[in-house]
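One letter stands for each residue in the lines below.
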Amino acid sequence: MMRLCAVMVLSLLGGLISVHAAPAPHPHWSVGFHRMTFLDPLDLQPMKAVAFYPSTDLEHSTQLGPYRVAATEDAKIAIGRFPMLMLSHGNTGTPMALHDLATSLARKGFVVVAVLHPGDNYKDHSRLGTVSNLYGRPIQISEAITATLGDPMLSPFVNVDQVGVIGYSAGGETALILAGAKPDFDRLRRYCQERPEDRDACTTKGELVVDRDDLQPQADPRIHALMLMAPLSLMFGRHTLADVHVPVLLYSGDGDKLVAVDKNAAALARKLPQPPDFKLLAGAGHFVFMAPCDSDQLAAMPALCTDADGVDREGIHRDLISEAGRFFTHTLGQSTRAGLQTADQ
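Residues numbered from 1 in each chain as written. Predicted model: local features only at pLDDT ≥ 70, side-chain atom pairs only at ≥ 80, totals over all residues. Heavy atoms only, no water.

(A) How the structure looks around the packing of helix α3 (residues 131–150) against helix α4 (residues 170–178). Packing of α3 against α4 leaves a shortest axis separation of 9 Å and a crossing angle of 70°. Looking at the two axes, α3 sits roughly perpendicular to α4. Here the hand of the crossing between α3 and α4 comes out right-handed. Here Leu-134, Arg-137, Pro-138, Ile-141 and Ser-142 of α3 come into contact with α4, specifically with Ala-170, Gly-171, Glu-173, Thr-174, Ile-177 and Leu-178. For the contact of α3 with α4, a count of residues per class yields 6 nonpolar, 3 polar and 2 charged. (Axes fitted to C-alpha atoms, helices over the stretch in contact; angles between N-to-C directions. Helix = DSSP H or I, 4+ residues; strand = E, 2+ residues; numbered from the N terminus. Parallel < 35°, antiparallel > 145°, perpendicular 65-115°, else oblique. Left-handed = near helix turned anticlockwise from the far one by under 90°. Contact = heavy atoms within 4.5 Å. Nonpolar A, V, L, I, M, F, W, Y, C, P; charged D, E, K, R; others polar.)

(B) Representation of the state of the cysteines in the model. Evaluation of the coordinates by the stated rule reveals 2 disulfides. Linked covalently through their sulfurs, Cys-192 and Cys-202 form a disulfide whose S-S length is 2.0 Å. Taking the torsion about the sulfur-sulfur bond, which here is approximately -90°, the covalent link between Cys-192 and Cys-202 counts as left-handed. Placement of Cys-192 in helix α5 (residues 185–194) and of Cys-202 in the loop between α5 and β9 (223–229) is noted, with a sequence separation of 10 residues between them. (Disulfide = S-S within 2.5 Å.)

(C) Geometry of the pattern of salt bridges. Following the criterion strictly, the structure yields 17 salt bridges and no others. Here Lys-279 and Asp-277 are joined by a salt bridge, their closest N and O atoms 3.4 Å apart. For Lys-279, a relative accessible area of 23% corresponds to the partly exposed category. Bridged by salt links that share partners, the residues Asp-277, Lys-279, Glu-323 and Arg-326 form one connected network. (Salt bridge = Lys/Arg side-chain N within 4 Å of Asp/Glu carboxyl O. Buried < 20%, exposed > 50% of the residue type's maximum accessible area, 1.4 Å probe, protein only.)

(D) Highlighting the packing of aromatic side chains. A full pass over the atoms with the stated rule returns 7 aromatic pairs. With centroids separated by 6.3 Å and ring planes inclined at 65°, the aromatic side chains of Phe-110 and Phe-328 adopt a geometry described as edge-to-face. Here the residue Phe-110 occupies a position in the loop between α2 (99–107) and β7 (111–116), and Phe-328 occupies one in helix α9 (residues 313–332), the gap between them amounting to 218 residues. Relative to Phe-185, the ring of Tyr-135 lies with its centre 6.3 Å away and its plane at 20°, an arrangement referred to as stacked. Note that Tyr-135 is positioned in helix α3 and Phe-185 in helix α5, a separation of 50 residues in sequence. (Phe/Tyr/Trp six-rings, centres within 6.5 Å; stacked < 30°, edge-to-face > 60°.)

(E) Highlighting α9. Taking 1.5 Å of rise per residue, 20 residues should cover 28 Å, and α9 covers 27 Å from first to last C-alpha, within 8% of that figure. Considered for burial, the residues of α9 that qualify are Arg-313, Gly-315, Ile-316, His-317, Leu-320, Ile-321, Ala-324, Gly-325, Phe-327, Phe-328 and Leu-332. For α9, the N-terminal cap is Asp-312; the gap from its side-chain oxygen to the backbone nitrogen of Glu-314 is 3.3 Å. Just past α9, the residue Gly-333 takes up positive phi, approximately 100°. (Expected span 1.5 Å × (residues − 1). Polar contact = N/O pair within 3.5 Å; in protein donor to acceptor, adjacent residues only side chain to side chain.)

(F) Seen up close, the packing of α2 against α9. Contact geometry of α2 with α9 gives a least axis separation of 10 Å together with a crossing angle of 45°. By the angle between their axes, α2 is oblique relative to α9. Helix-helix and strand crossings are classified by hand; for α2 and α9 the assignment is right-handed. For the pair α2 and α9, contact is made by Asp-100, Leu-101, Ser-104 and Leu-105 and by His-317, Leu-320, Ile-321, Ala-324 and Gly-325, respectively.

(G) Highlighting the nonpolar core. Core analysis: the biggest nonpolar cluster contains 61 residues, and Met-86, Val-113, Val-115, Leu-176, Leu-226, Leu-228 and Leu-241 have the highest contact counts within it. No other element matches α3, which puts 8 residues into this core. Residue contacts for Leu-176: discarding those within four places in its chain leaves Ala-181, Leu-226, Leu-228, Ser-233, Phe-236, Leu-241, Val-244, Leu-268 and Leu-272. (Core = buried A, V, L, I, M, F, W, Y, C linked by side-chain atoms within 4.5 Å.)

As structure tokens, this is what we get:
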């Protein structure tokens, strides 16, 4: 009997040891979203953003404009203090076009704040081609950071020391200014003399409308990492990038017909003081970074949804999301649970 008891005790201890040694499972989070409204620092009119965050509620999806987004409005926030990523969209665009990236990163443990830039979005083009747009967009992102840190629902769950920026197309230009880059208007003029057929960058023939002479490029020291996708970066030379010292994950497609790779992403990769992790996607065009389209979107927006033969947008997004999670976890750090007990505090 004593030998049997000893065997049972050893078996129990062995079970406890094996349980203790097993790695803790990664939390499975769903995604919530929270609508934010705050004042545009340029004119003190209301501007909007949507914050995506890790949630412990059941998985749902919500229709946000033409996009079916895998997130539930104001769902319960998961316990922790999470790194915060600001998302800046392209000219005349919407951050919802990158909803799969935003929700996937939220599921990985990030709060992703998707800002709609006033005067330069799908509904309002009033600031397009102006100095106030070039310099105002970074200021709007900084204001969105401040607004998130002051939001009663979100502020207990974000870490001010872990902030990064995701910039797509013109949003890449915005992100670089936030990290310390300074645009050189002469570079834009020269580019448009060389390539006047570039309808995106040269609609005003390389001359920005000086609607505000009181604005300057403003960096934000709270930002510690950048992810850039097909960035508009032709206004930055080596000397104007000298103050950019944060890690950069850089993507572009070598089939981009809208933002020329040689004068933008490839040149940026050579000139940044700290070499970026540069990934050039074979055959991919400018719009490949937008979320894969459903059948309704394909019918309504074929130019934005159709890729070149052999380009797998869904596969690209799987890899991109994985790399983005790895990059921001490495550069910003993981979430913590310090000081938090319940999500209902």
